[in-house]
Amino acid sequence: MPHDPSSAARPRRAAFFRCFLASLLLVLVAAGASVYLNAVDRQLFETALLENVDYTVLGMDAASVSSFADETILFLTDAQDSWEPSITVAGFPASRFIPQDFRDHMVTVKGWVSAASTLLVCGAAAAVLLLAWALATSGRRGGFSMQGYYAGTLLPLLLIAGVGLWASLDFGGMWEMLHRTLIPDGIFPADELVMRLFPETLFSAYLPPVLLMLVLMLAAVLVLPLILSPVSARIAQARAESADGANR
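As the structure is a computational prediction, the values presented were derived from the model and not from experiment. Position numbers for residues count from 1 along each chain, tracking the sequence in the order it is written. Where local features are concerned, this predicted model is filtered to residues with pLDDT of at least 70; where side-chain atom pairs are given and counted, the filter is 80 or more; whole-chain, interface and lining totals use all residues. Water and hydrogen atoms play no part in the side-chain values, which are based on all heavy atoms of the structure.

Caption draft 1: Local environment of helix α2 (residues 42–52). Within α2 the residues assigned to the buried category are Phe-45, Glu-46, Ala-48 and Leu-49. Taken end-on, α2 shows its buried residues confined to a sector of 160°, consistent with a single buried face. On its buried side, α2 packs onto α3 (62–76) and α8 (200–204). Polar contacts here mean pairs of N or O atoms no more than 3.5 Å apart (in protein, one a potential hydrogen donor and the other a potential acceptor; neighbouring residues in sequence count only if both atoms are side-chain atoms). Helix and strand definitions here come from DSSP, where helices need a minimum of 4 consecutive H or I residues and strands a minimum of 2 consecutive E residues; each element is numbered from the N-terminal end. With a side-chain oxygen positioned 3.0 Å from the backbone nitrogen of Gln-43, the residue opening α2 is Asp-41. Between buried and exposed lies partly exposed: a residue is buried under 20% and exposed over 50% of the maximum accessible area for its type, with that area taken using a 1.4 Å probe on protein chains only. Summarising the geometry, the arc corresponds to the directions from the helix axis toward the C-beta atoms. Contacts are residue-level and defined by heavy atoms, with any inter-residue pair within 4.5 Å sufficient.

Caption draft 2: Representation of the nonpolar core. Nine residue types can take part in a nonpolar core, namely buried Ala, Val, Leu, Ile, Met, Phe, Trp, Tyr and Cys, and a core is a set of them joined through side-chain atoms within 4.5 Å. Counting residues in each nonpolar core, the largest one holds 30 residues, and the members touching the most others are Phe-45, Phe-97, Phe-102, Leu-197 and Phe-198. Looking at this core, the elements with two or more residues in it are α2, α3, α4 (94–97) and α5 (100–136). For this core, the leading source of residues is α3, giving six residues. Non-local contacts of Phe-97, meaning those with residues more than four positions away in its chain, are made with Ile-87, Val-89, Phe-92, Leu-193, Val-194 and Leu-197.

Caption draft 3: A look at the environment of Ile-160. Along the chain, Ile-160 turns up in helix α6 (residues 146–169). Ile-160 sits in the buried class, given a relative accessible area of 18%. On a C-alpha basis, the gap between Ile-160 and Ser-95 in space is 39 Å, while along the polypeptide they are 65 residues apart. Those residues in contact with Ile-160, other than ones at most four positions away along the chain, are Val-27, Ala-31 and Leu-214.

Caption draft 4: Molecular detail of the packing of α6 against helix α7 (residues 171–182). The interhelical angle for the contact between α6 and α7, taken along N-to-C directions, is 120°, at an axis separation of 5 Å. Here α6 lies oblique to α7, going by the angle between them. When α6 is examined against α7, the residues Trp-166, Ala-167 and Leu-169 are found in contact with a partner set consisting of Phe-171, Gly-173, Met-174 and Met-177. In terms of residue class, the contact of α6 with α7 is made up of six nonpolar, one polar and no charged. Lines fitted to the C-alpha atoms define the axes, with helices restricted to the stretch that makes contact. Angles between their N-to-C directions range from 0 to 180 degrees. Relative orientations are named as follows: roughly parallel for angles under 35 degrees, roughly antiparallel for angles over 145 degrees, roughly perpendicular for angles from 65 to 115 degrees, and oblique for any other angle. Asp, Glu, Lys and Arg are counted as charged, while Ala, Val, Leu, Ile, Met, Phe, Trp, Tyr, Cys and Pro are counted as nonpolar; the rest, among them Gly, fall into the polar class.

If you want it as structure tokens, here you go:
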């Protein structure tokens, strides 16, 4: 029977694609998780508020800032049904100085936070299943494809690097584009009282911790093939030895 080269290449192409997609998902999950985990960190939010909001001018003290941080993060993480901060700013209670359209915006943000947690779990699970599938095919002209894995990291890494550079050089422009594209109901005049609790510098303060976590996560993603490739080779070798023993 004549040998069909295409039939031998198919398992290798399948292995390449599985590893390509798995690594692409892992990079995107790493990027999303580094933003999500910092965004829902209550202590980080409180620190950013204390360092970037002139709360004494607004008639607040550190305790009220801490309370505001607690209630906001509890709402965004769905641990609290409504967002009605028990604070007074410039002599006005929250019910007076927070307009309804801003409350609606916070509901939108809460929706993004909830969706992000679900997408991150699903993305990580899909990547793990794809890698497990790749290892399960070891020894059948498939297995783990290091070329496919690293090819899959390239595109999202370039995208992340581009966004990171943009944020570092022009955070205001990046932040505005993000809102106009994904959260159009989150654009408010800077002189509104509620916006003095959410200055642009508050959000740019998240760049260092997000970048640090992202670098650590990406390092793990890039090192993972150094573990999976030998494992795949060992599985293939064990299967080959088992097949040889059966044929004797």
